[in-house]
Amino acid sequence: MNLVHTAALALALVLTALPAGFARAADPADPAAPAAAAATAATIEQPRSFGHVLGDVLTQRVLLEQQGRPLEPGVLPAAARIDLWLERRPSRIETDAQGRRWLAIEYQLINAPRALTAISLPALTIATASGPAIALPAWPVSIGPLTPAEAFGQGDLQPLRPDRPVAALATHPIEQGLKLSLLALLAVLLAWLAWWAWRNMREAQQLPFAHAWRELKRIDDPASPEAWRVLHRALNRSAGRVVHGASLPQLLADAPYLRPLQPRLEDFYRESTRRFFFAESAAAPAQPQAAYPLKPLCRALRNAEKRHRH
């Protein structure tokens, strides 16, 4: 009996000496067993921690490897405004010369402090498609103002600077170019005027009705026989033969540009026959001859001739 009591007492002492969690650890169904593994630290290339000002871009580069095995990030950090100072730009994946893949996360500084200030790039946890999440700790950087709050007030370092005088532009080449352009324009105008005068003079000598118009303007009495002979000679020169009332259709067939004036030409030849033949007849009654629009007819013939020529 003493032996049984002694064995029971020894067993009780051994059980009492065991750690309290020993039995729980041995039971795989215990709800207190550890959960999934925590996020793993990553290889990170951080940006410079100092000397940043408004507009600078700070880039974090994260190696997408864990113990030699590649990691594939699930969702890349999205572009967003982070705080007063930082805005995250779209993330991207790069490959270096050794073929290693890096996740590049860029932050742009969007405000300038009044004095030197310390801020932090935010901490991130990036889930991966297979493997542990990637943990990025916060990274402190310093940012500085664009200009000091107060100027130094020494030498040329003053709050305000006088207006810088603007150097006068050299206008001599411009003036010379303008003069040459005006001279060239004047020469072109004079050349055109000379050509126009020469053309009119040449046409007045060569074109029958233009020559007749010049002669008619020098005759004081447009109803004189000489004025009628001038227009007759112009019609003859235009046809290359003597033209009278009966041969007028042949002239209009050879010179179609005169057809709109056919009624006036027929009236001209009727009036010419009356003036030069019937007026000298003894049987014709003596009456004053009415003024005939000889000059308007000659001008109309000249204009038709000019339109046809040009």
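Because the structure is predicted, anything quoted here is derived from the model rather than measured.

Quick word on the pattern of salt bridges
1) Next: By the definition in use, this model includes 13 salt bridges.
2) Next: One salt bridge in this structure joins Arg-61 and Glu-45, with 2.7 Å as the shortest N-O distance. Taken together, the residues span a long stretch of sequence, with Arg-61 in strand E3 (residues 57-63) and Glu-45 in strand E2 (residues 44-45) at a distance of 16 residues.
3) Next: Relative accessible area serves as the criterion here: at 37%, Glu-45 is assigned to the partly exposed category.
4) Next: With a shortest N-O distance of 3.5 Å, Arg-61 and Glu-94 are connected by a salt bridge. Taken together, the residues Arg-61 in strand E3 and Glu-94 in strand E8 (residues 92-95) connect sequence positions 33 residues apart.
5) Next: Exposure remark for Glu-94: the relative accessible area of 23% places this residue in the partly exposed category.

Observations regarding the packing of helix H4 (residues 208-218) against helix H5 (residues 225-239)
The geometry of a pair of packed helices is captured by two quantities: the angle between their axes and the separation between those axes.
1) Next: Taken N-terminus to C-terminus, the directions of H4 and H5 make an angle of 170 degrees; their axes are 8 Å apart at the nearest point. The angle between H4 and H5 falls in the class roughly antiparallel. Together, Pro-208, Phe-209, His-211, Ala-212, Glu-215 and Leu-216 of H4 and Ala-227, Val-230, Arg-233, Ala-234, Leu-235, Arg-237 and Ser-238 of H5 make up the contact between the two elements.
2) Next: Tallied by class, residues from the contact of H4 with H5 come to eight nonpolar, two polar and three charged.

Topic: the side chain of Glu-106
1) Next: Looking at the secondary structure, you find Glu-106 in strand E9 (residues 101-109).
2) Next: Residue Glu-106 is classed as buried on the basis of its relative accessible area, which comes to 11%.
3) Next: Separated by 2.9 Å, the side chains of Glu-106 and Arg-92 make a polar contact.
4) Next: When residues no more than four places from it in sequence are discounted, the contact partners of Glu-106 are Val-57, Leu-58, Thr-59, Glu-87, Arg-88, Arg-89 and Arg-92.

A look at the pairing of E3
1) Next: E3 sits mainly inside the fold: five of its seven residues count as buried.
2) Next: Both E2 and E3 contribute to a ladder of two bridges, which runs antiparallel. Across the sheet, the residue bridging to Glu-45 is Arg-61, located in E3.
3) Next: Sheet analysis places E3 next to E9, joined by seven bridges and oriented antiparallel. For Leu-63, the partnering residue across the bridge sits in E9 and is Trp-102.

Digging into the packing of aromatic side chains
1) Next: Counted by the stated rule, this structure contains three aromatic pairs.
2) Next: Between Trp-228 and Tyr-292, the ring centres sit 5.0 Å apart and the planes meet at 45 degrees, which makes this aromatic pair tilted. Taken together, the positions of Trp-228 in helix H5 and Tyr-292 in the loop between helix H7 (262-276) and helix H8 (294-309) put the pair 64 residues apart, joining distant regions of the chain. One exposure class covers both Trp-228 and Tyr-292, and it is buried.
3) Next: Positioned above the aromatic ring of Trp-102, the side-chain terminus of Arg-61 is 4.7 Å from the ring centre.

Quick notes on the packing of H4 against H8
1) Next: Packing of H4 against H8 brings their axes to within 8 Å, and their N-to-C directions diverge by 150 degrees. With respect to each other, H4 and H8 are oriented roughly antiparallel. The handedness of the crossing between H4 and H8 is left-handed. Residues Pro-208, Phe-209, Ala-210, Ala-212, Trp-213, Leu-216 and Lys-217 of H4 form the contact with H8, whose own contacting residues are Leu-294, Lys-295, Cys-298, Arg-299, Leu-301, Arg-302 and Glu-305.
2) Next: Among the residues forming the contact of H4 with H8, the class breakdown is nine nonpolar, no polar and five charged.

Conventions and cut-offs
Residues numbered from 1 in each chain as written. Predicted model: local features only at pLDDT ≥ 70, side-chain atom pairs only at ≥ 80, totals over all residues. Heavy atoms only, no water. Salt bridge = Lys/Arg side-chain N within 4 Å of Asp/Glu carboxyl O. Helix = DSSP H or I, 4+ residues; strand = E, 2+ residues; numbered from the N terminus. Buried < 20%, exposed > 50% of the residue type's maximum accessible area, 1.4 Å probe, protein only. Axes fitted to C-alpha atoms, helices over the stretch in contact; angles between N-to-C directions. Parallel < 35°, antiparallel > 145°, perpendicular 65-115°, else oblique. Contact = heavy atoms within 4.5 Å. Nonpolar A, V, L, I, M, F, W, Y, C, P; charged D, E, K, R; others polar. Polar contact = N/O pair within 3.5 Å; in protein donor to acceptor, adjacent residues only side chain to side chain. Pairing = 2+ DSSP bridges. Phe/Tyr/Trp six-rings, centres within 6.5 Å; stacked < 30°, edge-to-face > 60°. Lys NZ or Arg CZ within 6 Å of the ring centre and 35° of its normal. Left-handed = near helix turned anticlockwise from the far one by under 90°.

Without other data, these values stay purely geometric and don't point to any function.
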